[in-house]
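Fold and geometry: a report
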Amino acid sequence: MAVEIDTSAFTEEAYELLSELEDSLLELEERPTDIELISRVFRAMHTIKGSGAMFGFDEVAKFTHEVETVFDMARSGSLPVTKALIDLTLAARDQIRSILDASRGGPPANQDNANRIIAGLRALAPQKGGAAAVESKAAAPKAETDGPHVFRVRFEPRPEIFSSGTNPLLLLNELRDMGQCRVVALTNALPSLEDLDPERCYTQWEIFLTTTQGENAIRDVFIFVEDDCTLNVRLLDRDEAQEDAEPKKLGEILLERGDINEEALGKALTPLGDRLVNAGVVSADKVRAALTEQRVVQEQKQQQSKAAEVDAVVRVPSTKLDKLVNLVGELVTVQARLNQISGRLNNQHLQLVSEEIERLTGELRDNTMSIRMLAIGSTFNKFKRLVRDLSTELGKQIELTTAGADTELDKTVIDQLNDPLVHIIRNSIDHGIEKPDVRALTGKPLVGQIHLSAVHSGTSVLIQVKDDGKGLDPQLLRRKAVEKGLLSPDAVLSDPEAFMLIFGAGFSTAEKITNVSGRGVGMDVVRKSIESLRGTIDVQSQLGIGTTITLKLPLTLAIIEGLLVGVNHDYFVLPLAAVEECVELSPQDIANSHGRRIVNVRGEIVPFIRVRERFAMEGERPVIEQIVIANVDGRRVGFGVDTVVGQHQTVIKNLGDSFQYSDEFSGATILGDGTVALLLDLARMVRYVELQETKETGG
Amino acid sequence: MAKTIMTVDDSSSVRQMVGLTLKGEGYQVVEAVDGKDALGKVSGAAIDMVITDLNMPNMDGITLIRELRKLPAFKFTPIVMLTTESQAERKQEGKDAGATGWIVKPFKPEQLIGVIKKVLG
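Summary of the structure given here. All residue numbers here refer to positions counted from 1 along the written sequence of the relevant chain. Following the order in which they are written, the chains are lettered starting with A and the ligands numbered starting with 1. Under the rules for a predicted model, residues below a pLDDT of 70 receive no local features and side-chain atom pairs below 80 are neither given nor counted, while totals for whole chains, interfaces and linings still include all residues. Side-chain descriptors were evaluated using all non-hydrogen atoms of the structure, hydrogens and water having been removed beforehand.

**Notes on the packing of aromatic side chains**
Residues and elements named next belong to chain A. The criterion, for reference: Between 30 and 60 degrees the pair is tilted, below 30 it is stacked and above 60 it is edge-to-face, where a pair is any two Phe, Tyr or Trp rings, Trp via its six-membered ring, whose centres lie within 6.5 Å. Under the DSSP-based scheme used, a helix requires at least four consecutive residues in state H or I and a strand at least two consecutive residues in state E, with every element numbered from the N terminus. When a residue's accessible area, from a 1.4 Å probe over protein chains only, is under 20% of the maximum for its type it is buried; when over 50% it is exposed; and in between it is partly exposed.
According to the stated counting rule, one finds six aromatic pairs over all chains in the structure shown. Considering the side-chain rings of phenylalanine 155 and tryptophan 205, the 5.9 Å spacing of their centres and the 20 degrees angle between planes classify their relative orientation as stacked. Here the residue phenylalanine 155 occupies a position in strand 1 (residues 149–157), and tryptophan 205 occupies one in strand 3 (residues 204–211), the gap between them amounting to 50 residues. The same class applies to phenylalanine 155 as to tryptophan 205, namely buried. Each residue in the set Phe155, Trp205 and Phe222 is aromatic and connected to the rest through ring pairs, giving one cluster.

**Details of a nonpolar patch on the surface**
Inclusion rule: For patches, a residue must show more than 30% relative accessible area and have no salt bridge; joins then use 9 Å for like charges and 5 Å for nonpolar side chains, namely Val, Leu, Ile, Met, Phe, Trp and Tyr. Accessible surface is estimated by sampling points in the Shrake-Rupley manner with a 1.4 Å probe; for residues, cover comes only from the protein chains shown. We define a salt bridge as a contact between a side-chain nitrogen of Lys or Arg and a carboxyl oxygen of Asp or Glu at a distance within 4 Å.
A surface patch of nonpolar side chains, about 300 Å² in accessible area, is lined by Leu190(A), Leu193(A) and Leu196(A). Position of Leu193(A) among the secondary structure elements: in the loop between strand 2 (179–186) and strand 3.

**A few points about empty space enclosed by the protein**
Short version of the rule: Using only the protein atoms, space was sampled on a 1 Å grid; points where a 1.4 Å probe fits but cannot get out form cavities, open sets with protein on both sides within 12 Å along at least five of seven lines form pockets, and lining residues are those with an atom within 4 Å of a point. Grid points are joined across faces, edges and corners, and a volume is the space filled by probe spheres set on the points. Lys, Arg, Asp and Glu make up the charged group, whereas Ala, Val, Leu, Ile, Met, Phe, Trp, Tyr, Cys and Pro make up the nonpolar group; the residues left over, Gly among them, are polar.
Following the criterion strictly, the structure yields two cavities of 30 Å³ or more and no others. Computed from the structure, the largest cavity encloses a volume of approximately 70 Å³. In terms of lining, the largest cavity is formed by Gly165(A), Thr166(A), Asn167(A), Leu170(A), Leu171(A), Phe224(A), Val225(A), Thr100(B), Lys118(B) and Val119(B). Contributions of two or more residues to the lining of the largest cavity are made by helix 7 (168–176) of chain A together with helix 5 (109–120) of chain B. When the residues that make up the lining of the largest cavity are grouped by side-chain class, the tally is five nonpolar, four polar and one charged. Counted as a void, the second largest cavity has a volume near 30 Å³. Forming the boundary of the second largest cavity are Thr7(B), Val8(B), Asp9(B), Val14(B), Arg15(B), Val18(B), Ile51(B) and Leu82(B). Looking at the lining of the second largest cavity, the elements with two or more residues in it are strand 1 (4–8) and helix 1 (12–24) of chain B. Per element, the largest residue contribution to the lining of the second largest cavity is three residues, and it comes from helix 1 of chain B.

**Considering the interface of chain A and chain B**
For clarity, the cut-off: We call two residues in contact whenever any of their non-hydrogen atoms come within 4.5 Å of each other. Defined here as a combined quantity, buried area equals the accessible surface (1.4 Å probe) lost by two parts on assembly, summed across both.
Contact with chain A, which involves 39 residues of that partner, is made by 41 residues of chain B. Summed over both partners, the interface of chain A with chain B comes to about 3,200 Å²; 59% of that surface belongs to carbon and sulfur atoms. Connecting chain A to chain B are three salt bridges. Looking at the side of chain A that touches chain B, the elements that each hand over two or more residues are helix 1 (8–30), helix 2 (35–54), helix 3 (58–76), helix 6 (130–138), helix 7 and helix 8 (215–221) of chain A.

**Side note on helix 1 of chain A**
Using the following cut-off: How far a helix is expected to stretch is found by multiplying one less than its residue total by 1.5 Å.
With 23 residues, helix 1 of chain A ought to run about 33 Å at 1.5 Å a step, and its terminal C-alpha atoms sit 34 Å apart, in line with that. Listed in full, the buried residues belonging to helix 1 of chain A are Ala9(A), Phe10(A), Thr11(A), Glu13(A), Ala14(A), Tyr15(A), Leu17(A), Leu18(A), Leu21(A), Ser24(A), Leu25(A) and Leu28(A). Turning to helix 1 of chain A, the residues buried within the fold contact helix 2, helix 3 and helix 4 (83–103) of chain A together with helix 1 of chain B.

The structure is reproduced here in structure tokens:
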């Protein structure tokens, strides 16, 4: 929290108080028993000390404390107001003034003078008070205990607790923030409705808290109500070791001896709790609390043993991992060459070895990649705070739920995913979810839902942000896009295409710019970041029902599955994740399309880009062209090539700075025979071609 | 709806610091310079919480707390007092008068917000 505080507010006030103080002291000299005057002097000192400390004037605070202590005694009557006291206090007043002057660039205050005044004041007053300060410091919270522990907190507020303005539920919430928490309410003291006094608290609570914090932190929660309640905090999982050596239960022994069978035992063993409740020994509430205790402790033990299993962790700097990934990449490349050579030589022995190496390389690759994988959960957790803070700020009620937090993704992808997700979630909160009154009118639950999920899908991960807000209005989006000149007025867009407009640069439909979103910057950035991760975005929305944004991301950035294609004697790789199908384009098809670059796929018209034309490559088109149809930003676009070679494990190499302007390629890879193939950035290609065509047609 | 907090302190710098901190957290702030001023300002105003100094001219904080608790609208309202370490016994007096909690001066903005979150939610 950065609250900028102007210290001049303090110095001005202090100067004012000091001049008043002078008057008061002079008056006090004439009427040394006037208690109102003594109080006034005390208050002035008290305020200077308190505010001084808060505004960082520690020297002032420390010095004034001494004067205040003496005047506190005068106020309580244990010290008479003498001329000596007034002289010293006046000197103290001047001293405080010179400390303040020094802080404003004046000459430094005389420390000897200060010490002399303090010594004089102390000589006047019998010392006390120092001990209290020390005592309260000693009560500093104990160091945090290692690992989470289970505490049982029994909180029994006095029935009158409400009259101190205390809301016990807030205390329970505070405990919930400390860790995993189970609360059992003990309601057996609740009287019948006629006898119920709504201003009294009849409920008591038993709370089972699994936390890494210590007992003192728990007690601190109840600091204001210490005297208004009975509080019992007990650590539950300490005596673990002894429990292992627990003697066998009677039923277990009887079973072992074969005296009874399991069925008979089960019949006899009605839950102890039921029997106790039936016998009237204990209330059902208390049994429930005890059962919860049992369960929480058990769970904690399981957690601990689980933690112990994965304990053997080696921390490795990520640069070493990157190096390993690079080496594996090289190996995959070399292996491809070996494969090619052994295929050509047709030597059975060599082929056997080559196949074995292929298998091992594949395993090595998968293993290496898995080392870089991290669960996305920690990223998800950050958003809880974001949703909470933003929804409060905007006066909305929103609940964030998550699923698939243990889904693993490449570390680099996770690192770069944070910002785009923040933008999407902000947008959902700001534009998606309506205010509670609006939601009430449309019959939706008041609390809006945002569901964040991650799931594996082949070699990709799908990350979904789903809200039950007002949804996107395709008409409005089209109109706005035309207004902003991002779309020509006669353009025909399908609804999914219209939804993608929200990712355009400078696009915002927000009527007013809030500090949350609405400047049309965020979503454009989202698209760019996702593209740089070789991912795709899909938007689905229903007006009034909600919006779902799905990010499809590759599991890893270093090696991808590609589709190798040829144009002339050059090779290109298209990310296989985007490829939907391949079709042939015959001369007949070309004639039917009257020179336009479109292909008819089972009745659907798909535009295509000829890679040869796009990159001004030489050579003749083959008679039958291959069109690779890919999904680019939710649309089907074809890419015309000469040949489709097939699936290819693509180890991606950066192109380096010399090619930084050739951003239609997102990298390069080395093929088995040493040839370089360029990796196409399909989304960028499509955008550039569209731009070029818009220019050419003058639209 | 932003909650309204009344701060009662005779020190303008403390009022300013508390006020800035509260406004920064999105609360509405009503200021009063002492107990008497505070009592005069509470009628009609919907106040969700009161933060009061103890040492003030005209009417001190403890009397203010006692008077506020007599008003039906303030029967269960969180009231936090500003104390100093040297005033341990005053803290008990304040609790007995009906204070919900306390903040020990000097305090940092974070501590103030922490206490407000604690008693106001």
